[in-house]
Amino acid sequence: WPGGITAHPFLEDRVGPVCSPVWLAANRLVRPSDLKRHMLLHTQTRAQAWPDWIAATGTKGINVSSGLRFEHSYFSLEAAASGLGVAIGSLPLVETDVKSGRLVAPFGFVASDRYYCLLTAEGAGNIGKIRAFRQWMLGLPANAVPGLRMST
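Conventions adopted
- Every residue gets a number counted from 1 within its own chain, in the order that chain's sequence is written.
- Since the coordinates come from a predicted model, pLDDT governs what is reported: local features require at least 70, and pairs of side-chain atoms require 80 or more to be given and counted, while whole-chain, interface and lining totals use all residues.
- Only hydrogens and water are set aside when side-chain values are computed; all heavy atoms of the structure are taken into account.
- Three labels apply to residues, based on accessible area from a 1.4 Å probe with only protein chains included: buried if under 20% of the type maximum, exposed if over 50%, partly exposed otherwise in between.
- Starting at the N terminus, helices and strands are each numbered in turn, a helix being any DSSP run of H or I of at least four residues and a strand any DSSP run of E of at least two.
- Note: two strands are recorded as paired if DSSP finds a minimum of 2 bridges between them.
- When the strands point away from the viewer, a crossover counts as right-handed if the route from the first strand across the helix to the second turns clockwise.
- To count toward a patch, a residue needs a relative accessible area over 30% and no salt bridge; like charges are then connected within 9 Å, while nonpolar side chains (Val, Leu, Ile, Met, Phe, Trp, Tyr) are connected within 5 Å.
- Using a 1.4 Å probe, accessible areas were evaluated by the Shrake-Rupley method; residue-level cover was limited to the displayed protein chains.
- The salt bridge definition used is simple: a Lys or Arg side-chain nitrogen within 4 Å of an Asp or Glu carboxyl oxygen.
- pLDDT is a residue-level measure of predictor confidence that goes from 0 to 100.
- Two residues form a contact once any of their heavy atoms are found within 4.5 Å.
- This arc describes the spread of directions from the helix axis toward the C-beta atoms.

We now examine the pairing of strand β2 (residues 40-43). Burial of β2 is two-sided: the residues Leu40 and His42 facing one way and the residues Leu41 and Thr43 facing the other way are all buried. Bridge count for β2 against strand β4 (residues 86-90) is two bridges, and the pairing is parallel. Bridge assignment links leucine 41 to a residue of β4, and that residue is alanine 87. Sheet topology places β2 next to strand β3 (residues 68-70); three bridges connect them, and they run parallel. Following the sheet pairing, threonine 43 is matched in β3 by phenylalanine 70. Between β2 and its parallel partner β3, the chain crosses via helix α2 (residues 49-57), and the hand of that crossover is right-handed.

In structure tokens:
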């Protein structure tokens, strides 16, 4: 991190392919290798998402250079929800959509090498409101938020 910044990791990322339930019902997607026959939706903000997921799952035969590319993950997730293909979703970002049925994750989620951090500028931790927020965020019980990991 840049000088003067303290990072407190608190949320591990998990990722997986997501698509609309209507798209899934109309397309054969039984095992991860079936993705080679379908439109992959990529995001520039996380260009390695597909290659990383493929490596983590040991899936073979998928051309990760094919598919549609979007500037931001939000756009690729919206494209998936609209039935354009399959995107990689970060569980913290798609959890509400999966729970509501707007998106489905046919193969679940796998651990990512990314995590979310609460960043505090040097000296800001002494400001009452910031200190209280940091203590609240980092003091939540581990089962309060899926994927939550306590800072050490």
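Time to look at a nonpolar patch on the surface. A grouping of Met39, Leu68 and Leu84 is seen on the molecular surface, where their side chains present a nonpolar patch of about 240 Å² in accessible area. As for its placement among the helices and strands, leucine 84 is situated in the loop between α3 (73-81) and β4. Relative accessible area serves as the criterion here: at 46%, leucine 84 is assigned to the partly exposed category.

For the chain, the mean per-residue pLDDT works out to 86, and 90% of the residues sit at or above 70. Within the model, the stretch residues 142-152 combines pLDDT values under 50 with 25 contacts to residues more than four positions away or in other chains.

Looking at α2, one finds that the buried residues are Ala49, Trp50, Trp53 and Ile54. The buried residues of α2 occupy one face: seen down the axis, they fall within an arc of 125°.

With that out of the way, let us pick up the environment of glycine 123. Here glycine 123 lies in the loop between β5 (110-121) and α5 (128-139). Considered as a pair, glycine 123 and aspartate 52 are 71 residues apart in the sequence and their alpha carbons are 37 Å apart.

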